[in-house]
Amino acid sequence: MTPAIQIAPSILSADFGRLAEELVSISEGGADLIHVDVMDGHFVPNLTIGPMIVEAAKRATKVPLDVHLMISNAEAFLRDYVEAGADMVSVHAEAVTHLHRAVQEIKSLGAKASVAINPATGIDGLDYVLDDLDMVLVMTVNPGFGGQSFIESCLPKIESLRERIDKRGLKVDIEVDGGIKVDNVQRVVAAGANVIVSGSGIFKTPNYADTIKNMRERAEAAR
Ligand code: DX5
Ligand code: ZN
């Protein structure tokens, strides 16, 4: 069975001028994790958040920070982000040369370890690190921007990954990220995802708590 549902609002769609207030609203509104999108203008065509903002976010909320590194040479920055307050760190399989080493390092720094894969990346490359992972992040848009449309071909990939994890008796979460809203969350959960990232699907709605509640109800119903 799909593990417990966790809702992870992505602050990429928050109002950065009022970031602390936004973090409080989303935390009181029922977020299980706060998803933090780090982009370097190199691995993805956009620039966002450095460790200083992660540190500031950490001061504003007790909800665990789920840091998604969309950066080249992520190995060089793992310590900075964990020391800034990341509770879990995702590195992209496409951006890291020594994936096994990066995963071990995240864990030795005391954070949970996750590997992210782009829409065009298959799951076979995860086979020899799967036992060591807390989570796999399946991108359901091409990383770089909020507000893009969900890519349908990611659904069978989520199904295959859940099957593989279950067959091996592992406890690995599957996080989905990109284009997830109240009206399609059931589909990704039915496929086997359980950690739901949503940026515009939450922050562009008037009442965050209501949206998180609706999303959770629909997700639970699809488990
Ligand atoms: C995209 C980021 C996502 C983004 C999702 O590169 O990794 O986390 O914030 O935004 P929505 O939910 O609006 O597609
Ligand atoms: Zn993300």
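Structure report, in brief.

1. Quick look at the site of ligand 1
Here is step 1: Around ligand 1, a shell composed of 20 residues is seen, among which Asp37, Gly144, Asp177, Gly199 and Ser200 lie nearest.
Here is step 2: A distance of 2.6 Å separates an oxygen atom of ligand 1 from a polar atom in the side chain of Asp177.
Here is step 3: Relative to its unbound accessible surface of 380 Å², ligand 1 loses 100% to contact with the protein.
Here is step 4: If you list the elements that add at least two residues to the shell around ligand 1, you get β2 (34-39), β3 (65-70) and β8 (195-198).
Here is step 5: Among the elements that take part in the shell around ligand 1, β2 stands out by supplying three residues, more than any other.
Here is step 6: A breakdown of the residues in the shell around ligand 1 according to their chemical character gives seven nonpolar, eleven polar and two charged.

2. Structural notes on the sheet that holds strand β7 (residues 173-177)
Here is step 1: Read across the sheet, eight strands follow the order β1-β8-β7-β6-β5-β4-β3-β2 without closing on themselves; strand pairing throughout is parallel. Only two strands of the sheet have a single partner each, and these edge strands are β1 (6-9) and β2. Taken over all neighbouring pairs, the strand axes of this sheet differ in orientation by 20° on average, direction set aside.
Here is step 2: Sheet topology note: the β7/β8 ladder contains two bridges and is parallel. The residue of β8 that forms the bridge with Val176 is Ile196.
Here is step 3: Most of the contacts of helix α4 (residues 99-108) go to strand β5 (residues 112-117), to which it runs at about 145°, and overall it touches β4 (88-92) and β5.

3. Here we look at the coordination of the zinc ion (ligand 2)
Here is step 1: Within the protein, the atoms that donate to the zinc ion (ligand 2) are His35 (NE2), Asp37 (OD), His68 (ND1) and Asp177 (OD), at distances of 2.0 to 2.3 Å.
Here is step 2: Mapping the donors of the zinc ion (ligand 2) onto the primary sequence gives the spacing H-x1-D-x30-H-x108-D. Of this pair, His35 sits in strand β2 while Asp177 sits in strand β7, and the two are 142 residues apart along the sequence.

4. Looking at empty space enclosed by the protein
Where empty space is left becomes clear once a probe the size of a water molecule has been rolled over the atoms.
Here is step 1: According to the stated counting rule, one finds one cavity of 30 Å³ or more in the structure shown.
Here is step 2: Considering the residues around the largest cavity, the lining is formed by 26 residues, among which Phe145, Gly146, Gly147, Asp177 and Gly178 are closest to the centre.
Here is step 3: For the lining of the largest cavity, the elements supplying multiple residues, two or more each, are β2, β3, β8 and α7 (200-203).
Here is step 4: In terms of residue class, the lining of the largest cavity is made up of nine nonpolar, 14 polar and three charged.

5. Brief notes about helix α5 (residues 154-167)
Here is step 1: Over its 14 residues, α5 runs 20 Å from end to end, which matches the ideal 20 Å to within 8%, given 1.5 Å per residue.
Here is step 2: Once α5 finishes, Gly169 follows within two positions and takes phi at roughly 65°, a positive value.

6. Describing the pairing of β5
Here is step 1: Burial analysis of β5 places five of its six residues in the buried class, which makes it a mostly covered element.
Here is step 2: By the bridge criterion, five bridges tie β4 to β5 in an arrangement that is parallel. Across the sheet, Val89 pairs through a bridge with Ala113, a residue of β5.
Here is step 3: The handedness of the β4 to β5 crossover, carried by α4, is right-handed.

Conventions and cut-offs
Residues numbered from 1 in each chain as written. Chains lettered and ligands numbered in written order. Predicted model: local features only at pLDDT ≥ 70, side-chain atom pairs only at ≥ 80, totals over all residues. Heavy atoms only, no water. Near = heavy atom within 4 Å. Polar contact = N/O pair within 3.5 Å; in protein donor to acceptor, adjacent residues only side chain to side chain. Areas by Shrake-Rupley, 256 points an atom, 1.4 Å probe, with all protein chains shown as cover. Helix = DSSP H or I, 4+ residues; strand = E, 2+ residues; numbered from the N terminus. Nonpolar A, V, L, I, M, F, W, Y, C, P; charged D, E, K, R; others polar. Pairing = 2+ DSSP bridges. Axes fitted to C-alpha atoms, helices over the stretch in contact; angles between N-to-C directions. Contact = heavy atoms within 4.5 Å. Donors = N, O, S within 2.8 Å, 3.2 Å for Na, K, Ca; no water. 1 Å grid on protein atoms, 1.4 Å probe; cavity = no way out; pocket = protein on both sides within 12 Å on 5 of 7 lines; lining within 4 Å. Points joined across faces, edges and corners; volume = space filled by probe spheres on them. Expected span 1.5 Å × (residues − 1). Buried < 20%, exposed > 50% of the residue type's maximum accessible area, 1.4 Å probe, protein only. Right-handed = clockwise from strand over helix to strand, strands pointing away.

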